[in-house]
Amino acid sequence: DALPICLAVVIVGGICAFERGSTPAVTPTAAPIVTPAASFPADDLSVVILDVNPSIKINLLSNGDVSSVLSLNSDAAALLDSVDLSGLDEKGCVDAVVRALEDDDYITPAKNSVLVSVIDKDGDEADALRKDIVSDISATQKYSGIEISVVSQVVPDSGKYKNIADKYNISVGKAALIDDIVSEM
């Protein structure tokens, strides 16, 4: 199959090009929303990572409320500075982030791919959340007219990918996707 090989080349090539011309790694920062994540035990959190470049991490409580939204790179920090996510639930937060990505031309008819990665200890809950996020993005694209191509995955063990993500200054979601593609070769 040529598709996995092509995807790996494009992703890894993009990482290498980014790595050569990149600024120093950006520490994840929180967008000004709801309540700080530290107020809630980690066991209550599900994590959704939206990767377009920018890369954005949304921490969700088990009831679907947004605990925090973090920028995983400098593009995400700039984008989140311009978006008010206060008081939004998961659906509203995803909608606002996707619209901001479109408004700032990170998502256009020519650049329309989004990687959705869901991290949760419960595989069934993670898969249900993954489907919800993909549905939320589909609903948003109906308003914008841009057909968004969504690749989605459940990342069962984010710790497995943390070192590679840190090494290349990419999200755990991108690291998991690359690992999956390479393992299929």
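Placed above this text is the structure.
Residues numbered from 1 in each chain as written. Predicted model: local features only at pLDDT ≥ 70, side-chain atom pairs only at ≥ 80, totals over all residues. Heavy atoms only, no water.

Thoughts on the overall build of the protein
Moving on, step 1. Regarding its fold elements, the protein presents six helices and six strands.
Moving on, step 2. When the helices and strands of the protein are listed from N to C terminus, the series reads α-β-β-β-β-α-α-β-α-β-α-α.
Moving on, step 3. A buried classification covers 42% of the 185 residues belonging to the protein.
Moving on, step 4. By sequence separation, contacts in the protein at least 24 residues apart represent 61% of the contacts at least 6 residues apart.
Moving on, step 5. As presented, the protein carries roughly 9,700 Å² of accessible surface, and 53% of it is formed by carbon and sulfur atoms. (Helix = DSSP H or I, 4+ residues; strand = E, 2+ residues; numbered from the N terminus. Buried < 20%, exposed > 50% of the residue type's maximum accessible area, 1.4 Å probe, protein only. Contact = heavy atoms within 4.5 Å. Areas by Shrake-Rupley, 256 points an atom, 1.4 Å probe, with all protein chains shown as cover.)

Some details on the pairing of strand β4 (residues 66-71)
Moving on, step 1. Along β4, six of the six residues are buried, which leaves the element largely enclosed by surrounding structure.
Moving on, step 2. Strand direction decides the pairing type here: strand β3 (residues 55-61) and β4, joined by five bridges, are antiparallel. In the sheet register, Asn 59 faces β4, and the bridge partner there is Ser 68.
Moving on, step 3. The antiparallel pairing of β3 with β4 creates a hairpin that spans four residues between the two strands, and Gly 64 there sits at a positive phi of about 95 degrees. (Pairing = 2+ DSSP bridges.)

Description of unusual backbone geometry
Moving on, step 1. Backbone geometry places Asn 53, a non-glycine residue, at a positive phi of 75 degrees.
Moving on, step 2. Position of Asn 53 relative to the elements: it lies in the loop between β2 (45-51) and β3.
Moving on, step 3. The phi angle at Asp 105 is positive, at roughly 60 degrees, despite the residue not being glycine.
Moving on, step 4. Here Asp 105 is to be found in the loop between α3 (90-103) and β5 (113-119).
Moving on, step 5. Taking the relative accessible area as the measure of exposure, Asp 105 reaches 48% and is therefore partly exposed.

Regarding the nonpolar core
Moving on, step 1. Core analysis: the biggest nonpolar cluster contains 30 residues, and Val 48, Ile 58 and Ile 137 have the highest contact counts within it.
Moving on, step 2. Counting only elements with at least two residues in this core, the list comes to β2, β3, β4, α2 (74-81), α3, β5 and α4 (123-144).
Moving on, step 3. Sort the elements by how many residues they give to this core and α3 lands first, with seven residues.
Moving on, step 4. Setting aside residues no more than four positions away along its own chain, Val 48 makes contact with Ile 56, Lys 57, Ile 58, Leu 60, Val 116, Ser 117, Val 118, Leu 129 and Ile 133.
Moving on, step 5. With 12 residues, the next largest nonpolar core counts Val 47, Ala 175, Ala 176 and Ile 178 among its residues. (Core = buried A, V, L, I, M, F, W, Y, C linked by side-chain atoms within 4.5 Å.)

Focus: α4
Moving on, step 1. Compared with an ideal rise of 1.5 Å per residue, which puts 22 residues at 32 Å, α4 spans 32 Å between its outermost C-alpha atoms and is within 8% of the ideal.
Moving on, step 2. Buried residues of α4: Ala 126, Leu 129, Arg 130, Ile 133, Asp 136, Ile 137, Thr 140 and Gln 141, and no others. Axial view of α4: buried residues confined to an arc of 135 degrees, hence all on one face. Exposed side chains of α4 directed beyond 90 degrees from the buried face belong to Asp 124 and Lys 142.
Moving on, step 3. Turning to α4, the residues buried within the fold contact β2, β3, α3, β5 and β6 (149-154).
Moving on, step 4. Looking one or two places after α4, you find Gly 145, whose phi comes out positive at around 85 degrees. (Expected span 1.5 Å × (residues − 1). Arc of directions from axis to C-beta.)

Quick word on the environment of Asp 95
Moving on, step 1. Inspection of the secondary structure puts Asp 95 in helix α3.
Moving on, step 2. Measuring from C-alpha to C-alpha, the distance between Asp 95 and Gln 141 comes to 9.1 Å, with 46 residues separating the pair along the chain.

Here's the deal with the packing of helix α5 (residues 159-168) against helix α6 (residues 172-183)
Moving on, step 1. At a minimum axis distance of 8 Å, the contact between α5 and α6 shows a crossing angle of 100 degrees. Judged on the interaxial angle alone, α6 and α5 are roughly perpendicular. Only Val 172, Ala 175, Ala 176 and Asp 179 of α6 make contact with α5, whose side of the interface consists of Lys 160, Tyr 161, Ile 164 and Ala 165.
Moving on, step 2. Here the residues of the contact of α5 with α6 sort into six nonpolar, no polar and two charged. (Axes fitted to C-alpha atoms, helices over the stretch in contact; angles between N-to-C directions. Parallel < 35°, antiparallel > 145°, perpendicular 65-115°, else oblique. Nonpolar A, V, L, I, M, F, W, Y, C, P; charged D, E, K, R; others polar.)

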